[in-house]
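Architecture and fold: a report
Letter by letter, the chains look like this.
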Amino acid sequence: MTESASIDPSLLQRKIIHFDMDTFYASVETRDNPELAGKPVVIGGSPQSRGVVCTANYEARKFGIKSAMPCSQAYRLCPDAIFLPPNFSKYREASDGIRSVFKQFTDKIEPYSLDEAFLDVSQHEQDMTATKIAVAIQKKIHTDFQLTGSAGVAPNKMIAKICSDVRKPFGITVVPPSQVAAFMRQLSLRQIPGIGPATEKKLHKHGFSKCEDLYAYSVIELQSLFGESMGRWLFQRCRGIDNRSVEGKRERKSISMERTFSTDKTCIDEISDIVEAMVEELVHKLREKRIWGRTWVLKIKYNDFKSINRSMTVDTAPFSPGEEISQSLIKLLEKTEVGQRPIRLAGVGCSNLTDHKTSKVIPFPSEPIFRLG
Ligand code: TTP
Ligand code: MG
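Worth saying up front: this structure is predicted, and the values here are computed from it rather than measured. (Residues numbered from 1 in each chain as written. Chains lettered and ligands numbered in written order. Predicted model: local features only at pLDDT ≥ 70, side-chain atom pairs only at ≥ 80, totals over all residues. Heavy atoms only, no water.)

Here the focus is the environment of T354. Inspection of the secondary structure assignment puts T354 in strand β14 (residues 354–355). Among the residues examined, T354 registers a relative accessible area of 43% and is labelled partly exposed. Spatially, the C-alpha atom of T354 lies 5.5 Å from that of W292, the residues being 62 residues apart in sequence. (Helix = DSSP H or I, 4+ residues; strand = E, 2+ residues; numbered from the N terminus. Buried < 20%, exposed > 50% of the residue type's maximum accessible area, 1.4 Å probe, protein only.)

As structure tokens, this is what we get:
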């Protein structure tokens, strides 16, 4: 084993739980309306709208309905499904309840989304095993909130996250340190969080589909195939190495917003205006949250659902007004086929964020929309 494949023994002693609620939005709705039980339920837009599916329960999934699928397609797959709009305040409340259960077992909690979190239970006061803690959390959430969730228990976050999906719903999967190598070997690379369809395609091109397919390659060889950081990342992840710690407060990496149009748009002036408005809104949000970033992204989805991103670095001071940014993003429209092909969605985003909460300099104190809250 080369240097980068060796694991610090103390990291193998960690006990990490990844907890993820089962069909979260749909489960909350069914709990609150028992008449839905046993019927296919889809949470998202109405079948007539251009909205997408947020989630579907198992009865609806049997018909092939999946998250992010257009609702019109979901309707074609299962016209009898019950389509409900999302009720975020309800999900937020359920999410708070679940987190209050986590807190009864550890302080080291990293919420990952409304319905999932990583917990580091390496040191537990009553010396409960990590598996027993996962079972206890599962039971308590079920008793207190009539909702089910599944857990993965492993020496690190990546393996715990993969595991929580293995025995859904209401399941627990444990991979102790001694079984990490065997567990990883047979795993498809696509199951590694962070490997999406695009990376999977690249891996397939080289004939790689399982983790073990990469084992014959050194870090340097993988770096020459996939670039420096990706090569190293792949070398480690396919062996089950993940040294990231469970962070109490997850750093936000990006912030974005997007708009799906009710009819496809081709007029470049109209799209420019929409981009400008979204930048304004995002700049406002960044100010409120006291974060700022220099990398800005323009996202366009054409009417055939092909989505493209164009990014750029804008050297404006934190909390600058949005004009310069929107003008630059509008220029980026020239690097797309906007104006020639109809688009169904436009979005803007900002990444490489820095927290400016502690910054003493407030560049635009008198600006009317600047809020301290
Ligand atoms: P997930 O945990 O990915 O999905 P889930 O809880 O519905 O189902 P599973 O049992 O497989 O975990 O996401 C949690 C919630 O986030 C989900 O209920 C709805 C919402 N969501 C979206 O709004 N859009 C999406 O594309 C996805 C994946 C989820
Ligand atoms: Mg879930």
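Back to the text.
In this section: the sheet that holds strand β6 (residues 116–120). Strand order in the open sheet formed by five strands is β5-β6-β1-β7-β8, with mixed pairing between adjacent strands. Across the chains shown, the open sheet's two edge strands, defined by having one partner strand only, are β5 (109–113) and β8 (172–174). For this sheet the average axis-to-axis angle between neighbouring strands, irrespective of direction, equals 15°. As paired elements, strand β7 (residues 149–154) and β8 share three bridges and run parallel to each other. Among the inter-strand pairings, G152 is bridged to a residue of β8, identified as T173. In the packing of helix α7 (residues 157–164) onto the sheet, contacts are made with β1 (16–21), β5, β6, β7 and β8, and the angle to β7 comes to roughly 145°. (Pairing = 2+ DSSP bridges. Axes fitted to C-alpha atoms, helices over the stretch in contact; angles between N-to-C directions. Contact = heavy atoms within 4.5 Å.)

Here we come to the pattern of salt bridges. All chains considered together, the criterion is met by 19 salt bridges. Notably, a salt bridge pairs D144 with K140, separated by 3.0 Å at the nearest N-O pair. Here D144 pairs with K140, and both are found in helix α6 (residues 130–145), just four residues apart, close to one helical turn. With a relative accessible area of 36%, D144 lands in the partly exposed category. (Salt bridge = Lys/Arg side-chain N within 4 Å of Asp/Glu carboxyl O.)

The alternating pattern of strand β2 (residues 41–44) places V41 and I43 and V42 and G44 on opposite faces, both of which are buried. In this structure, β2 lies alongside strand β4 (residues 82–84), joined through three bridges in parallel fashion. Across the sheet, V42 pairs through a bridge with F83, a residue of β4. Note that β2 and strand β3 (residues 53–56) share three bridges and pair antiparallel. Bridging from a neighbouring strand, G44 pairs with V53 of β3.

Below, the discussion takes up the sheet that holds β2. Ordered in space as β3-β2-β4, the three strands form an open sheet in which the pairing is mixed. Each edge of the sheet is formed by a strand with only one pairing partner; in this case those strands are β3 and β4. Direction aside, the axes of adjacent strands within the sheet are offset by 25° on average. With respect to the sheet, helix α2 (residues 24–32) is in contact with β2, β3 and β4, its orientation differing from that of β3 by roughly 65°.

Let us look at the confidence of the model for the protein chain. When the pLDDT values of the protein chain are averaged, the result is 87; 89% of them are 70 or greater. Element-level mean pLDDT values for the protein chain span from 63 in helix α1 (residues 9–12) up to 98 in helix α3 (residues 58–61). Scored below 50 in pLDDT, residues 357–373 shows 22 contacts in the model against residues more than four places distant or in partner chains. (pLDDT = per-residue confidence, 0-100.)

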